[in-house]
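The primary structure of each chain is shown beneath.
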Amino acid sequence: MKSYKKDFPIFTNHPELAYLDSAATSQKPQQVLDAIMDYYKNYNANAKRGIYPIAEKTTLKVEEVREKIKNFINAKYSEEIIFTHGTTEGVNTIMNTFGDGYVTDEDDVVTTIMEHHSNFVPWQFLAGSRFAHFYAIDITDEGYINEKELLEGIKYAKILAITYVSNMLGTINNLKEIIAKVKKKNPTIKVFVDAAQAAPHIKIDVQDIDCDFLAFSGHKMLASTGIGILYGKKELLKTTAPFLFGGEMIKKVSVIETTFADLPHRFEAGTLDIAGIVSLGAAIDYIYSIGFEKIREHERELIAYCLAQMEKISAIKIYGPKKIKDRCSVISFTIDNIHAHDVAQILGDNNICVRAGHHCTMPLHERLGIAASTRVSFQIYNDEKDVDTFIEGLKKVKKIFKK
Ligand SMILES: Cc1ncc(COP(=O)(O)O)c(C=O)c1O
């Protein structure tokens, strides 16, 4: 298995780290760090404002990255790409704008039980404030969306909010098929896709899956924190009022009235996270330099290897699909009678970085009948040695607890 660790300075500085928490946030390759430094050292200026050379360079860079992201997710128009601060802001933007105008007290708002709170709580709040019905579609015992229930549940729904990849189960939802079936049954439904855990690992094609909105975060895909992307179909966004009001999102302001800028700037009030945008452009270049096919193959090998080792250890329960091809990047598990936090603490003491708790999926944990789980998650920089270290750590945990 090829090692990509040398591209990530944190592993040169801390070779002892087995970093298995990339679903929370990823490490950054040197070329992303270089791009951020280059921006601050050589052309730091605000975007869309100044007309001197470095300001023009910054503005051009921002638009160049927008174009890159358009291609990255195969959007039709670059105006459909809005810079946000992360997935959470993307969901809240659409909930507060399009959603607020689209949902009435006669409608349903539907999500799934496997959603991250970011793609659950905003829709629950919207439904509550519009006196609409709110449903969360169940999963099957194998960890997939219950499609039968979904197709019955979306009959009167105006919005379906669904994740591409579950951050707890690791399930890759077959969105192309699911959205086609949903829209056949209910042609007016609008589908919001949470792609936070998909964007780092899977080639996204918004036209192919035919979603209406989609959001993801840069920090989970090798870029810096504070930058995110919201995609929305142009025909929907162009008639949607903005959410944040302020500088650079207007056409004309007078005491009598204000008119708003065209897409996408109407949804980008205030100064953008320019360093974040630059970092996202560099992260995409890095991802392309490896290629999604190789990324998926590398991660599939790691998941298969890790699952095989874990299955040899008694008293461990692993959640999510059994089929490796349906899994992406994360493995959540519990160990009989040992709390997830104790597992993570002991692993952490041995420089094995994992996450413990409900991973912002409390309804899913409740559905699974557990309060917490421990999660390992992979990125391109992980290798078999990280898995071996993790497995040794698990054996240590069991020894300490005499299990
Ligand atoms: C599936 C999923 N959706 C949304 C989010 C929220 O992302 P952010 O905190 O970057 O807004 C996360 C973060 O863990 C996630 O895993």
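Above this note sits the structure.
To keep things clear, this report deals only with the structure shown in the data block.

The rules we used
- Residues numbered from 1 in each chain as written.
- Predicted model: local features only at pLDDT ≥ 70, side-chain atom pairs only at ≥ 80, totals over all residues.
- Heavy atoms only, no water.
- Near = heavy atom within 4 Å.
- Polar contact = N/O pair within 3.5 Å; in protein donor to acceptor, adjacent residues only side chain to side chain.
- Areas by Shrake-Rupley, 256 points an atom, 1.4 Å probe, with all protein chains shown as cover.
- Helix = DSSP H or I, 4+ residues; strand = E, 2+ residues; numbered from the N terminus.
- Expected span 1.5 Å × (residues − 1).
- Buried < 20%, exposed > 50% of the residue type's maximum accessible area, 1.4 Å probe, protein only.
- Contact = heavy atoms within 4.5 Å.
- Pairing = 2+ DSSP bridges.
- Arc of directions from axis to C-beta.
- Axes fitted to C-alpha atoms, helices over the stretch in contact; angles between N-to-C directions.

Residues in contact with the ligand amount to 13 residues; listed here are only the nearest, Thr88, Asp194, Gln197, Ser217 and Lys220. Contact between the ligand and His116: an oxygen atom at 3.4 Å from a side-chain N or O atom of the residue. Ser217 is positioned with one of its side-chain polar atoms (N or O) 2.7 Å from an oxygen atom of the ligand. Contact with the protein chains covers 87% of the free accessible surface of the ligand, which is 390 Å².

With that settled, consider helix 10 (residues 274–290). Taking 1.5 Å of rise per residue, the 17 residues of helix 10 would be expected to cover 24 Å, and the 25 Å separating its terminal C-alpha atoms lies within 8% of that figure. Counting buried residues in helix 10 gives 14 out of 17 residues, a clear majority hidden from the surface.

Locating Lys238 in the fold gives a position in the loop between helix 9 (234–237) and strand 9 (250–253). Take Lys238: its relative accessible area is 49%, and that puts it in the partly exposed class. Along the primary structure Lys238 and Leu263 are separated by 25 residues, whereas in three dimensions their C-alpha atoms are 6.5 Å apart. Among residues more than four places away in sequence, those in contact with Lys238 are Leu263 and Arg266.

Most of strand 12 (residues 330–335) sits inside the fold, with 6 of its 6 residues counted as buried. Going residue by residue along strand 12, you find Val330, Ser332 and Thr334 tucked away on one face and Ile331, Phe333 and Ile335 tucked away on the opposite face as well. Bridge count between strand 11 (residues 316–318) and strand 12: 3 bridges; the pairing is antiparallel. Counted as the bridge partner of Ile318 is Phe333 from strand 12. Of the pairings in the sheet, the one linking strand 12 to strand 15 (residues 373–377) comprises 4 bridges and is antiparallel in character. Counted as the bridge partner of Val330 is Ser377 from strand 15.

Bringing helix 12 (residues 340–349) into the picture now. Here helix 12 has its buried residues at Ala340, Val343, Ala344, Ile346 and Leu347. The buried residues of helix 12 occupy an angular sector of 165° when projected down its axis, which confines them to one face. Looking at the buried positions of helix 12, the neighbouring elements they touch are strand 12, strand 13 (352–353), strand 14 (355–357), strand 15 and helix 14 (384–400). Asn351 occupies a position one or two residues after helix 12 and carries a positive phi of about 65°.

Let us now look at the sheet that holds strand 11. Judged by pairing direction, the sheet is antiparallel, and its 4 strands sit side by side in the order 11-12-15-14 without closing on themselves. Across the chains shown, the open sheet's two edge strands, defined by having one partner strand only, are strand 11 and strand 14. Adjacent strand axes in the sheet meet at a mean angle of 30° when their direction is disregarded.

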